[in-house]
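Here's the letter readout for the chains.
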Amino acid sequence: VRVVVEDELGVRAEAPPVTFEVDVVRPPAPGAGPAVIEITLGNRVITIPRDRLMMAVNVLVLLVSITALVFALRKPTVRERVVSTVMAVGKTVTEPFRGSQESEEVPAVLKVVKRGRATDLNDEIPLREVTRIGRDPDQAHVVISDTRVSRLHCTITETSRGFEIGDEGSTAGTYVNGRRVEYEKVLLRNGDVIDLGPVRLQFVERRPGRHPDKDRTEVSPGKGSTLGRLFGREKEQTQIVDRSRPRRR
C-alpha cells in the first residue's frame, strides 16, 4: 500500500510502500456448525455437544409450555372454552361424514325481562350443563356488563332433577320469585323469575316434564296410627299420600 498526497498548489508527496498480508476465511456452509459449544465460566471452559444442548432447550420449552397450559386450564371458564373449541372443531371436521342431522334441541333458556345497563345482552340465553353468570368474562359464560352484577354472580347447573341455581356470594344477591337464594341451591321450575340485581330473567323449559315431581313420598296405610318423624327441607318432601281413602271435593 502506498499513500500519495497532492495539495491545491500541485505539491505532491509519497509515502514509502508498506506490504502486509490478508487472510481470507470463507464462512461455513448453511446449516453447518461446530459439533460442540464452549461456555466459559470464569477460568473454566465447559464443552457441551451441540445436539444435546438443542435437545435440552427443546425439553425446556416444552416444560414451560405445559406449565403455562396447566395454569391457564385452572380457570374453569378457560378449561371449558378449550374443551368446547376442540369439540366444535371435531364436529366441523366430521360433519360431512355424519350427514344432515337436525340441530340438538336446547333443553332450557333464560329470557331477558329487564336488562339494566347490559344493553348487549341477548334476548334469550341457552343453558348448558353448567352456566356461570356474572360481569367478568374470565369467570362467566354469560357476561352481564352492569357494575351492580358481581364478577361471578350465580351458577345454573343441570342435574337429574332439572336445572338448579346457586348464588356465588354475590353482593346484590340472587332471587328466585322474590326469595333470596342462600346456601342451598334452588330447583328451577318453568316460568320462574330470577333477579340478579337490576337484571331480571325468566326460566323457560323447552322440554317440559323432564323431571316430574319426585319429592312426594307415597306410603301405604298400616295398622298403626303414626309413621314416625319425616325429615325434609321442603314441604312437598314431607307430604304423605293416602290413596286408600277417596278425596273430598
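Our structure's up above, just so we're on the same page.
Bear in mind that the values here come from a model prediction, so they are computed numbers and not experimental data.

**Q** Any details on the sheet that holds strand S14 (residues 193-196)? Residues and values, ideally.
**A** To summarise the sheet geometry, strands pair through backbone hydrogen bonds and adopt either a parallel or an antiparallel arrangement. With respect to topology, six strands assemble into an open sheet ordered S6-S5-S15-S14-S11-S12, the strand pairing being antiparallel. Of all the strands in the sheet, the pair left with one neighbour each is strand S6 (124-126) and strand S12 (179-180). Strand direction decides the pairing type here: strand S5 (residues 108-114) and S6, joined by three bridges, are antiparallel. Considered in S6, the bridge of Leu110 is made with Ile125.

**Q** With reference to specific residues and values, describe the side chain of Thr131.
**A** Mapped onto the elements, Thr131 comes out in strand S7 (residues 130-134). A residue is classified by how much of its surface remains accessible, and Thr131, at 1% relative accessible area, is buried. Among the polar contacts made by the side chain of Thr131, one reaches the main-chain amide nitrogen of Arg128 at a distance of 3.0 Å.

**Q** Mind laying out the environment of Leu127, listing which residues take part and the relevant values?
**A** Position of Leu127 relative to the elements: it lies in the loop between S6 and S7. Looking at Leu127, the relative accessible area reads 6%, which means it is buried. Remark: the alpha-carbon pair of Leu127 and Pro107, spanning 20 residues in sequence, is separated by 7.4 Å. Once residues lying within four places of it in the same chain are set aside, the contact partners of Leu127 are Val106, Pro107, Ala108, Val109, Leu110, Ile156, Phe163 and Phe203.

**Q** Which residues make up the pattern of salt bridges, and what values go with them?
**A** Taken as a whole, this structure holds seven salt bridges when the rule is applied. Note that Glu164 and Arg161 form a salt bridge whose closest N and O atoms lie 3.2 Å from each other. Glu164 gets classed as buried once you look at its relative accessible area, which sits at 13%. A residue is classified by how much of its surface remains accessible, and Arg161, at 29% relative accessible area, is partly exposed. Taken together, the salt bridges that share partners define one network made up of Arg2, Arg12 and Glu14.

**Q** Can you tell me about the pairing of strand S9 (residues 154-158), naming the residues and giving the values?
**A** Counting buried residues along S9, four of its five residues qualify, which places the element largely inside the surrounding structure. With four bridges connecting them, S7 and S9 associate as antiparallel partners. Among the inter-strand pairings, Thr131 is bridged to a residue of S9, identified as Ile156. Examined bridge by bridge, S9 and strand S10 (residues 163-167) share five bridges and lie antiparallel to one another. Looking across to S10, one finds that Cys154 is bridged to Asp167. Counting the residues that bridge the hairpin from S9 to S10 gives four residues, and of these Gly162 lies at a positive phi of roughly 140 degrees.

**Q** Lay out the pairing of strand S15 (residues 199-205) with the relevant residues and their values.
**A** With five of seven residues buried, S15 is to be regarded as a mostly interior element. Note: S5 against S15, six bridges, orientation antiparallel. Note that in S15 the partner of Ala108 across the bridge is Glu205. Two elements, S14 and S15, share four bridges in a ladder whose sense is antiparallel. Paired with Asp195 across the bridge in S15 is Arg200.

**Q** Requested: an account of the sheet that holds S7, with residues and values cited.
**A** Strand order in the open sheet made by the five strands is S8-S7-S9-S10-S13, with mixed pairing throughout. Looking at the sheet topology across the chains shown, the edges are occupied by strand S8 (142-143) and strand S13 (186-187). Of the pairings in the sheet, the one linking S10 to S13 comprises two bridges and is antiparallel in character. Residue pairing in the sheet places Ile165 in a bridge with Val186 of S13.

How each quantity is defined
Residues numbered from 1 in each chain as written. Predicted model: local features only at pLDDT ≥ 70, side-chain atom pairs only at ≥ 80, totals over all residues. Heavy atoms only, no water. Pairing = 2+ DSSP bridges. Helix = DSSP H or I, 4+ residues; strand = E, 2+ residues; numbered from the N terminus. Buried < 20%, exposed > 50% of the residue type's maximum accessible area, 1.4 Å probe, protein only. Polar contact = N/O pair within 3.5 Å; in protein donor to acceptor, adjacent residues only side chain to side chain. Contact = heavy atoms within 4.5 Å. Salt bridge = Lys/Arg side-chain N within 4 Å of Asp/Glu carboxyl O.

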